[in-house]
Amino acid sequence: MLKEIQAKAEKDMRKAIEATLKGFNGVRTGRASLTLLDGLMIEAYGSAVPLNQVATLAIPELRLITVQPWDPSLLTAIERAFLKSDLGVSPSNDGKVIRIAIPPLTEERRKELVKVVRKIAEEGRVAIRNVRREANESLKRQEREKEASEDEVKHGTDMIQELTNRLIHEVDGLVVKKEKEIMEF
């Protein structure tokens, strides 16, 4: 039972790291990335549809994204979605393809983005610590119900703390890498 609690804690902590990485991918770095467009929804065919389901997306240059809709009648809807979004980009339309130039980031904007990344990382750390707390509570419940000895619970909490420290250190490394990527350009 103790191994099951530890395995579940590790699985849940890994999910928190994945969510943190997903949050990092949504932060613009001055370099073109298709992950910036992940949450962009287009009004098409009477409902909201993800952009990647109505168009071909490509990165032909370092700071350029091209969007080629499969149905040319969606060009204006796609353009409107970009203008409404908080991406801070302005699309240019040539009648067949929409080009989105990713402007270089100012120093001030880079510092703001670093703060955003740190906030996302802290949310990830908190999620990991919450998983640790839940796992430790499960271990203590095992002890109260006489399903585990005091020594087993102590060993289990030590193992979970070790796992927590290791994964928080992993998040810290991801933050440093993302900050470097933001400040690089």
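- Looking at an unreviewed UniProt entry, one finds the protein chain named Ribosome-recycling factor and attributed to Candidatus Methylomirabilis tolerans.
- For the record of the protein chain, the UniProt heading Function (unreviewed entry) holds the text "Responsible for the release of ribosomes from messenger RNA at the termination of protein biosynthesis. May increase the efficiency of translation by recycling ribosomes from one round of translation to another."
- Per its UniProt entry, the protein chain bears the Sequence similarities (unreviewed entry) comment "Belongs to the RRF family."

Side note on the environment of Glu-137
Okay, so step 1: Note that Glu-137 resides in helix α3 (residues 107-144).
Okay, so step 2: Taking the relative accessible area as the measure of exposure, Glu-137 reaches 40% and is therefore partly exposed.
Okay, so step 3: Put simply, Glu-137 and Glu-170 are 33 residues apart on the chain and 24 Å apart in space, counted from C-alpha to C-alpha.

A few points about the environment of Ser-90
Okay, so step 1: If you trace the backbone, Ser-90 turns up in the loop between α2 (75-84) and β5 (91-93).
Okay, so step 2: As a C-alpha pair, Ser-90 and Val-126 span 36 residues in sequence and 36 Å in three-dimensional space.

Considering helix α1 (residues 2-25)
Each full turn of the α-helix corresponds to 3.6 residues, which orients residues three or four apart in the same direction.
Okay, so step 1: Here α1 spans 35 Å end to end across 24 residues, near enough to the 34 Å set by a 1.5 Å rise per residue.
Okay, so step 2: Every buried residue of α1 is accounted for by Leu-2, Ile-5, Gln-6, Ala-9, Met-13, Ala-16, Ile-17, Thr-20 and Phe-24.
Okay, so step 3: Considering only its buried residues, α1 is in contact with α3 and α4 (150-184).

As for the sheet that holds strand β3 (residues 55-61)
Okay, so step 1: Strand order in the open sheet formed by four strands is β3-β4-β6-β5, and the pairing between neighbours is antiparallel. What marks the edges here is a single partner per strand, and that holds for β3 and β5. Within this sheet the neighbouring strands show an average axis-to-axis angle of 25°, counted without direction.
Okay, so step 2: Direction of pairing for β5 relative to strand β6 (residues 98-101): antiparallel, over a ladder of three bridges. Bridged to Ser-92 within β6 is Arg-99.

Some thoughts on empty space enclosed by the protein
Okay, so step 1: The tally for this structure, following the rule as stated, stands at one cavity of 30 Å³ or more.
Okay, so step 2: For the largest cavity, the calculated volume is near 30 Å³.
Okay, so step 3: Around the largest cavity, the lining residues are Leu-36, Leu-37, Ile-65, Phe-82, Leu-87, Val-89, Ile-100 and Ile-102.
Okay, so step 4: Across the lining of the largest cavity, the residue classes break down as eight nonpolar, no polar and no charged.

Concerning the pairing of strand β2 (residues 47-50)
Okay, so step 1: Relative to β2, strand β1 (residues 41-44) is paired through four bridges, and the arrangement is antiparallel. Opposite Ile-42, over in β2, you have Val-49 as the bridge partner.
Okay, so step 2: Here β1 folds back onto β2 in antiparallel fashion, the turn holding two residues, of which Tyr-45 has a positive phi close to 55°.

Some thoughts on the layout of surface pockets
Okay, so step 1: Its boundaries defined by the atoms lining it, the largest pocket holds a volume of some 400 Å³.
Okay, so step 2: When contributions to the lining of the largest pocket are tallied by element, the ones reaching two or more residues are α1 and α3.
Okay, so step 3: No other element matches α3, which puts three residues into the lining of the largest pocket.
Okay, so step 4: Taken together, the residues of the lining of the largest pocket break down into six nonpolar, six polar and five charged.

Overview of α3
Okay, so step 1: Helix length check: α3 (38 residues) gives 55 Å between terminal C-alpha atoms against 56 Å at 1.5 Å per residue, within 8%.
Okay, so step 2: Positive phi shows up at Lys-146, right after α3, with a value of about 60°.

Re the nonpolar core
Okay, so step 1: Counting 28 residues, the largest nonpolar core has Met-13, Phe-24 and Ile-128 as the members making the most contacts within it.
Okay, so step 2: Among residues more than four places away in sequence, those in contact with Met-13 are Ile-128, Val-131, Arg-132, Ile-160, Leu-163, Thr-164 and Leu-167.
Okay, so step 3: Formed by 23 residues, the second largest nonpolar core is a distinct cluster that contains Leu-40, Leu-51, Ala-81 and Phe-82.

Calculation notes
- Numbering of residues starts from 1 in each chain and follows the order in which that chain's sequence is written.
- The predicted nature of this model means local features are confined to residues of pLDDT at least 70 and side-chain atom pairs, given and counted, to a pLDDT of 80 or more, with totals for whole chains, interfaces and linings taken over all residues.
- Values reported for side chains reflect all heavy atoms of the structure, with hydrogen atoms and water molecules removed beforehand.
- UniProt positions are given in the numbering used here, feature names are shortened, and annotations may be inferred rather than shown by experiment.
- Strands are runs of DSSP state E lasting at least 2 residues, helices are runs of H or I lasting at least 4, and numbering of each runs from the N terminus.
- Three exposure classes are used, based on accessible area relative to the maximum for each residue type with a 1.4 Å probe and protein chains only: buried under 20%, partly exposed in between, and exposed over 50%.
- Helix span, as expected, comes to 1.5 Å for every residue beyond the first.
- Here, residues are in contact when the closest pair of their heavy atoms is within 4.5 Å.
- Two strands form a pair only when DSSP identifies at least two bridges running between them.
- Helix axes are fitted only over the stretch in contact, all axes being lines through C-alpha atoms; the angle between N-to-C directions runs from 0 to 180 degrees.
- Detection works on a 1 Å grid of protein atoms alone, calling trapped sets that fit a 1.4 Å probe cavities and calling open sets with protein on both sides within 12 Å along at least five of seven lines pockets, with lining residues defined by an atom within 4 Å of a point.
- Grid points are joined across faces, edges and corners, and a volume is the space filled by probe spheres set on the points.
- Only Asp, Glu, Lys and Arg are considered charged, only Ala, Val, Leu, Ile, Met, Phe, Trp, Tyr, Cys and Pro nonpolar, and every remaining residue, Gly among them, polar.
- Only buried residues count toward a nonpolar core. Its members are Ala, Val, Leu, Ile, Met, Phe, Trp, Tyr and Cys residues joined through side-chain atoms within 4.5 Å.

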